[in-house]
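# Analysis of the macromolecular model
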Amino acid sequence: MGTQAVVSTKNIVKSYGKGNAVLHGADMTVQTGEFVAITGPSGSGKSTLVRILGLLDQPSGGTLELFGTGLPKGDRALSRLRNEAIGFVFQDYRLVPHYSVLENVCVPLKINGISPRKRKKRASELLKLVGLGDVLERKASDLSGGQQQRAGIARAIAMQPKLLIADEPTGNLDSETGEKILKILTTIHKSLGTTLIVVTHSETVAKRADRIIRMQDGRLIG
Amino acid sequence: MRPLDYVRTAFRDIITQPVRCVLTVAAITLSSALLVTLVSIGITTREAVVGHFEQGDTLSTIMVSANSSVGGGFFGSSIQATDTSAEKLTDETVSRLEKLRGVTSATPQVSIWELRSFAFDGNPTSYVSNTIATSNAGTAKPLAAGTWFDNADKTPNIVLGNGYLKALGIKDAQSAVGRTVAFTSVQGYRGTTAQIPAWNASSQAKATFDRSRTTIAATIVGVTRPSANDNQVYVPLEWGRAVQSPRVSTPTGETMTDSIAKNGYSNVLVTAASQDAVPGIAKDIEGLGLGAITYQKQIDQINQLSTVVWIILGSVALISLISASLGIVNTLLMSVSEQKQVIQIWRACGASKRMISRLYFIQAFIIGVVGAVAGGLIGYFACRLINARIETVLSSQGLESLQLPPPSLAVLAACMALSVLIAVTAAFYPARVAAKKITG
């Protein structure tokens, strides 16, 4: 395991309008190669925190450092960082419904300007890795929940990110399918050395992590 | 992202709603076709009309009339005040006009109203006779075939306006030379060759004569080049004099009144050495107390009028195009709204706001290009059909040499570019909504 901090936050605050704070000063550090689980009850601010860590949302206050440095200025630089260094897995999969499974996985590669031939090859390999090698051309909306989540994971790791964030990846799945998804995530974490942050309600899932961060009412409590 | 990927992705998004997409493209197509049609017809009609007047040496000629109040063009001369001091146009007037600086010839002309219509040999169609008796015609009107008649010719030799060739389907002007035409006179015609009743004929015989027409055969000796006066038939001045001068039978013999000597020439066609000399000569003519009509004045007025018409037609088409572009705004806004989640997915995968905006601009560009190209083609062929119809109508009115050219490619390209530009401009707001409001 490396020792450099992949994520470092100081006093991160997020509020929507006056008096509607969701995060009240979150301080946390995640080291390179770590597997961290963030748990807590609904409304505790877990998803908001990881959306900020994944650069999908902006904090109202505080400091966020990724990969040992402050965030670059400007939307293009931030988007590039999000494209190249961060993978995000959503609870509701977030696949483009009218795209094929292969096209969905190709999206980050396409954004990065990778040639059609290379991105098809890469996406096919990843889909085979998550067990979807036989449904490449199927429409995303035609897949089962578990299959869609596996496609979502393949898309998240398409650019070989240093940081993989999964927001309740098993939340919409039955326990057996959830277990399979968790296995894929831990395999990626171990085999590629990717830093993994998983938001979960499940203590079973949380126990697989190297470290558990608990949240309540927008605060980190341990 | 690669340029081709932008296009593919934008196209992919457009076709997710095929019906809406087709309707939006159809609106742009119709507006674009309307723009191309109206602008092209406005421009080509003006070019054709102006070109029609510029044919031959028309712009170097000045029509001189006895009435000094006549000085405008088509529109300025429509109402003429009576000029009691107007002098007759006589040989002396012609001589004075010939002496003006910059004048190369002055050709007296007389309108022969006694010849009502004429028909070609072997052709059933009869044409309204617009006959001008003239002298020195050879110096004023270049010919496409044949020769001008002798000025003193008292035989019915005619020079035919070029427009009649097209009406008859004759392509080779030379082949018309030597053919004969038959003029039909007005009722009660008393000029040359008319069988007038004797002074002591019965009143019934005189009444019958007053209702009868005379047929006069004439030979085509020449055909004019295409010009602004394609529908005229020229006859020798002396023969015209014989046609126009009525005869009366008296107990002492037949008498004849020389109408030209009595009333003077209808007008005198003055030819200037150059187009530049025309305004100065026209001023000198007006200084003589005569009226001067130049074709340049008419062209200027046509240009002014057609510019106004062109602006009105163009505005109508532009308003239609802008309305269609609102359809694009609507289509893209609905697309943004429906694809909110897709936009968020693209953002999560690393797409910048600019990338998202660009995708919507390209969608608008694709819709605009498809609509503009389809509209341009429809407009082009519509123009050709309409031009052909206008030519037919003009031809039936004696403007055979007026041919409308097909819409110019420059006009077509400009109209299509404008359509695309308006379509892309329409994408500004939806693209902004997609980039700012949805992606935050």
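Cut-offs used in this document
- Residues numbered from 1 in each chain as written.
- Chains lettered and ligands numbered in written order.
- Predicted model: local features only at pLDDT ≥ 70, side-chain atom pairs only at ≥ 80, totals over all residues.
- Heavy atoms only, no water.
- Helix = DSSP H or I, 4+ residues; strand = E, 2+ residues; numbered from the N terminus.
- Buried < 20%, exposed > 50% of the residue type's maximum accessible area, 1.4 Å probe, protein only.
- Pairing = 2+ DSSP bridges.
- Contact = heavy atoms within 4.5 Å.
- Axes fitted to C-alpha atoms, helices over the stretch in contact; angles between N-to-C directions.
- Buried area = accessible area lost by both parts, 1.4 Å probe.
- Salt bridge = Lys/Arg side-chain N within 4 Å of Asp/Glu carboxyl O.
- pLDDT = per-residue confidence, 0-100.
- Core = buried A, V, L, I, M, F, W, Y, C linked by side-chain atoms within 4.5 Å.
- 1 Å grid on protein atoms, 1.4 Å probe; cavity = no way out; pocket = protein on both sides within 12 Å on 5 of 7 lines; lining within 4 Å.
- Points joined across faces, edges and corners; volume = space filled by probe spheres on them.
- Parallel < 35°, antiparallel > 145°, perpendicular 65-115°, else oblique.
- Left-handed = near helix turned anticlockwise from the far one by under 90°.
- Nonpolar A, V, L, I, M, F, W, Y, C, P; charged D, E, K, R; others polar.
- Polar contact = N/O pair within 3.5 Å; in protein donor to acceptor, adjacent residues only side chain to side chain.
- Patch = residues over 30% accessible without salt bridge, like charges linked within 9 Å, V, L, I, M, F, W, Y side chains within 5 Å.
- Areas by Shrake-Rupley, 256 points an atom, 1.4 Å probe, with all protein chains shown as cover.
- Phe/Tyr/Trp six-rings, centres within 6.5 Å; stacked < 30°, edge-to-face > 60°.
- Lys NZ or Arg CZ within 6 Å of the ring centre and 35° of its normal.

What follows covers the overall build of chain A. Scanning chain A from terminus to terminus reveals seven helices and ten strands. A burial count over chain A gives 53% of its 222 residues as buried.

Once that is clear, we can look at the sheet that holds strand S8 (residues 195–200) of chain A. All names here are of chain A. In space, the six strands of this open sheet follow the order S6-S7-S8-S3-S9-S10, with mixed pairing throughout. If you trace the sheet from one side to the other, it starts and ends with strand S6 (86–89) and strand S10 (219–220), each paired once. Both strand S7 (residues 163–167) and S8 contribute to a ladder of five bridges, which runs parallel. Paired with aspartate 167 across the two strands is valine 199, which belongs to S8. Sitting on the sheet, helix H5 (residues 145–156) is in contact with S6 and S7, with an inclination near 170 degrees to S6. Packing of helix H6 (residues 175–192) onto the sheet brings it into contact with strand S3 (35–39), S7 and S8, and relative to S7 it is tilted by some 165 degrees.

With 25 residues of chain A in contact, the opposing surface of chain B contributes 23 residues. At the boundary of chain A with chain B, total buried surface from both sides reaches about 2100 Å², with 56% on carbon and sulfur atoms. In terms of surface lost to chain B, no three residues of chain A exceed A:His98, A:Lys110 and A:Ile111, which account for 27% of the buried area on that side. Our enumeration of links across chain A and chain B arrives at three salt bridges. Linking A:Asp75 and B:Arg347 is a salt bridge whose minimum nitrogen-to-oxygen distance equals 2.9 Å.

We now examine the environment of A:Val101. Residues and elements named next belong to chain A. Along the chain, valine 101 turns up in helix H3 (residues 101–111). C-alpha of valine 101 to C-alpha of alanine 140: the two residues are 39 residues apart in sequence and 5.1 Å apart in space. Setting aside its immediate chain neighbours within four residues, valine 101 contacts Leu127, Leu132, Val135, Leu136, Arg138, Ala140, Leu143 and Ala151.

The predicted coordinates should not be examined in detail at positions where pLDDT is low. All names here are of chain B. Predicted confidence across chain B gives a mean pLDDT of 84, with 90% of residues reaching 70 or more. Residue range residues 72–80 is modelled with pLDDT below 50. Its contacts to residues more than four positions away, or to other chains, number 16 contacts. Scored as a complex, the prediction yields pTM 0.67 and ipTM 0.91.

In this structure, B:Phe183, B:Val270 and B:Ile285 are the most contacted members of the largest nonpolar core, which totals 51 residues. In this structure, A:Val105, A:Val135, A:Ala154 and A:Ile188 belong to the second largest nonpolar core, which totals 39 residues.

The tally for this structure, following the rule as stated, stands at five cavities of 30 Å³ or more. When its volume is computed, the largest cavity comes out at roughly 110 Å³. Taken together, 14 residues make up the lining of the largest cavity; nearest its centre are A:Ile86, A:Phe88, A:Ala156, B:Ala348 and B:Cys349. Sorting the residues of the lining of the largest cavity by element identifies helix H2 (75–85), S6 and H5 of chain A together with helix H11 (340–348) of chain B as the ones contributing at least two each.

What follows is about the pattern of salt bridges. The full count for this structure, using the stated rule, is 16 salt bridges over all chains. B:Arg241 serves as the salt-bridge partner of B:Glu238, at 3.2 Å between the closest nitrogen and oxygen. Here B:Glu238 and its partner B:Arg241 are both found in helix H7 (residues 237–244), three residues apart, which amounts to about one turn of the helix. The class for B:Glu238 is partly exposed, based on a relative accessible area of 22%. When the shortest N-O distance is used, the salt bridge between B:Glu254 and B:Arg247 registers 2.9 Å. One continuous salt-bridge network, built from bridges that share partners, spans A:Arg119, B:Asp5 and B:Arg8.

Another point: the packing of H3(A) against H5(A). Two quantities define a packed helix pair, namely the angle between the axes and the distance from one axis to the other. Residue and element names in this part refer to chain A. Put simply, H3 and H5 touch, their axes get as near as 8 Å, and they point 30 degrees apart. As summarised for this structure, H3 and H5 are arranged roughly parallel, according to the angle between their axes. Every pair of crossing elements has a handedness; the one defined by H3 and H5 is right-handed. Between H3 and H5, the residues in contact are Val101, Asn104, Val105 and Pro108 and Ala151, Ala154 and Arg155, respectively. For the contact of H3 with H5, the residue count by class is five nonpolar, one polar and one charged.

Residues and elements named next belong to chain A. One can find arginine 119 in helix H4 (residues 116–129). Using a relative accessible area of 6% as the deciding quantity, one classes arginine 119 as buried. Here the side chain of arginine 119 touches isoleucine 114 through a polar contact of 2.9 Å, landing on its backbone oxygen.

For the rest of this paragraph, the subject is a nonpolar patch on the surface. Residues and elements named next belong to chain B. A cluster of nonpolar side chains, namely Leu34, Val308, Ile312 and Val316, defines an oily patch on the protein surface of about 320 Å² accessible area. Take the nonpolar patch: its biggest share by element is three residues, from helix H10 (residues 295–338). By the element assignment, isoleucine 312 lies in helix H10.

Residues and elements named next belong to chain A. Of all eleven residues in H3, ten are buried, a share of seventy percent or more. Taken as a whole, H3 has its buried residues at Val101, Leu102, Asn104, Val105, Cys106, Val107, Pro108, Leu109, Lys110 and Ile111. Taken from the residues just after H3, glycine 113 is the one with a positive phi, measuring 85 degrees.

Take the packing of aromatic side chains next. In the structure shown here, the tally under the stated rule is twelve aromatic pairs over all chains. Relative to B:Trp239, the ring of B:Phe183 lies with its centre 6.2 Å away and its plane at 45 degrees, an arrangement referred to as tilted. With B:Phe183 in strand S8 (residues 180–185) and B:Trp239 in helix H7, this pair connects stretches of sequence that are 56 residues apart. Taking the centre distance of 5.3 Å and the plane angle of 90 degrees together, the rings of B:Tyr380 and B:Phe381 count as edge-to-face. Three or more aromatic residues joined by ring pairs form one cluster here, namely B:Phe118, B:Phe120, B:Tyr127, B:Tyr164, B:Phe183 and B:Trp239. Here the basic side chain of A:Arg94 rests over the ring of A:Phe90, its NZ or CZ set 4.9 Å away from the ring centre. A cation over an aromatic ring shows up here: A:Lys162 above the ring of A:Phe67, its NZ or CZ 4.9 Å from the ring centre.

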